[in-house]
Amino acid sequence: MRIVTAIEDSIQEAASILKEGGLVAFPTETVYGLGANALDGKAVARIFEAKGRPQFNPLIAHVSDADQAAALVVFNEWAEIAAHHFWPGPLTLILPRKSDCAVNELVSAGLETIAVRVPSHPVALKLLQAAGVPVAAPSANVSGTLSPTTPQHVAEGLGDKVDMILAAGACDVGLESTVLDLSGDVPVVLRPGAVTAEDLSRVLECDVVVEDGDTDKPKSPGMMLKHYAPSIPVRMNAIDLEPGEALLAFGSDQFMGVNGGGAAKDLPETQRRNLSEDGDLNEAAANLFAMLRALDRPEHKAIAVMAVPDQGLGVAINDRLKRAVS
Ligand code: TXA
Ligand code: MG
């Protein structure tokens, strides 16, 4: 495992690792983050693999300034004000994804919105500037354990699963950023943090609703985070197709038949996607949301999904498919 003191050279190297699809743990003012290039779905899938997270929850895209954020999401007046007052800093804004936004759908778990944040830690800022791409980063801990506030915490939890740990001592805040949803009619705090609802209410000059929608905490009914679900039925573990169904394959679909006659491989392009022809779970995770979306069309009776092995990242893929079924 590589713990490297953050200096100019190591930050440049960390930026290169990120650009090449690797994982870098880096300090922010809140907690250490486990970063991957947000434009690279396979790199983002590695985050979930490393954390051993059995679910795909949406991640924060970290950027070096508000302009870079504005290239990804649609800013409204609240967002302009909040960004002006609290960035760089421990505030995450949830805003609608721009139509030409290149962030991989796995980052936002298929949602129409993306979480963006400009951290204030000088090492984080330097790294983001050097990488020049948005960096998806949850806290750099194994799923279900405490968020890390020192490089040693990261090393103990994730060890060799990260390509590099950029070390810069203990984090100042020690608590994850405030998550503020600005995509609706009223500003809603989804996760409390160092920037309080009172701070936000004063600066935005309006009421701010506080709702605990954090997926990290036990869910109470009615307070669950919204998640992407296709508008047509989803059928799992398909071994053949019904007429009118779209196919989401995993591995080879060469010998899959359509009931009543025909072969899946002869379906039109619009009706057939393959999560990974090689049966690679990492690639499948990176493709999952974009492909579900592509097949989610009213002319299809349902989306039939071939079996995905329930191991490694397959657990999170199947979790999401099961939710789409019910
Ligand atoms: O302080 C922090 O925010 C740290 C450092 C590394 O920046 N990061 C962090 O990331 O805590 P994570 O992935 O553990 O938490 C992201 C939070 C989750 O509660 C998630 O549900 C929420 O942000 N979130 C992300 N995207 C969202 C979206 N599109 N809509 C609603 N909530 C979203
Ligand atoms: Mg976390």
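For clarity, every value in this text was computed on a predicted model and none was experimentally measured. (Residues numbered from 1 in each chain as written. Chains lettered and ligands numbered in written order. Predicted model: local features only at pLDDT ≥ 70, side-chain atom pairs only at ≥ 80, totals over all residues. Heavy atoms only, no water.)

Trainee: With reference to specific residues and values, describe the domain arrangement of the protein.
Mentor: We note that the domain assignment places domain 1 (3–210) and domain 2 (234–325) within the protein. The straight-line distance from the C-alpha centre of domain 1 to that of domain 2 is 31 Å. Contact residues are listed per partner, giving 17 residues for domain 1 and 16 residues for domain 2. For the pair domain 1 and domain 2, the summed buried surface comes to about 1,300 Å²; carbon and sulfur atoms form 58% of the total. Its largest share of buried area at the contact with domain 2, domain 1 owes to K42, F56 and E105, together 43% of the area lost on that side. Where domain 1 packs against domain 2, one counts two salt bridges. Along the contact surface separating domain 1 from domain 2 lie five residue pairs in polar contact (both at pLDDT 80 or more). When its residues are assigned to classes, the side of domain 1 that touches domain 2 shows seven nonpolar, four polar and six charged. (Domains from an automatic or database assignment. Contact = heavy atoms within 4.5 Å. Buried area = accessible area lost by both parts, 1.4 Å probe. Salt bridge = Lys/Arg side-chain N within 4 Å of Asp/Glu carboxyl O. Polar contact = N/O pair within 3.5 Å; in protein donor to acceptor, adjacent residues only side chain to side chain. Nonpolar A, V, L, I, M, F, W, Y, C, P; charged D, E, K, R; others polar.)

Trainee: So what's going on with the packing of aromatic side chains? Which residues, and what values?
Mentor: A full pass over the atoms with the stated rule returns three aromatic pairs. Between the aromatic rings of F48 and F56, the centroid separation amounts to 4.9 Å while the plane-to-plane angle is 85°, which identifies the pairing as edge-to-face. On the accessibility criterion, F56 (1% relative accessible area) is buried. Arranged with centres 6.3 Å apart and planes meeting at 70°, the rings of F56 and F289 form a pair that is edge-to-face. Here F289 lies in helix α8 (residues 281–295) and F56 lies in the loop between α2 (41–51) and β4 (60–62), a separation of 233 residues in the sequence. Considered together, F56 and F289 belong to a single accessibility category, that of buried residues. Clustering of aromatic rings is evident, with ring pairs tying together F48, F56 and F289. (Phe/Tyr/Trp six-rings, centres within 6.5 Å; stacked < 30°, edge-to-face > 60°. Buried < 20%, exposed > 50% of the residue type's maximum accessible area, 1.4 Å probe, protein only. Helix = DSSP H or I, 4+ residues; strand = E, 2+ residues; numbered from the N terminus.)

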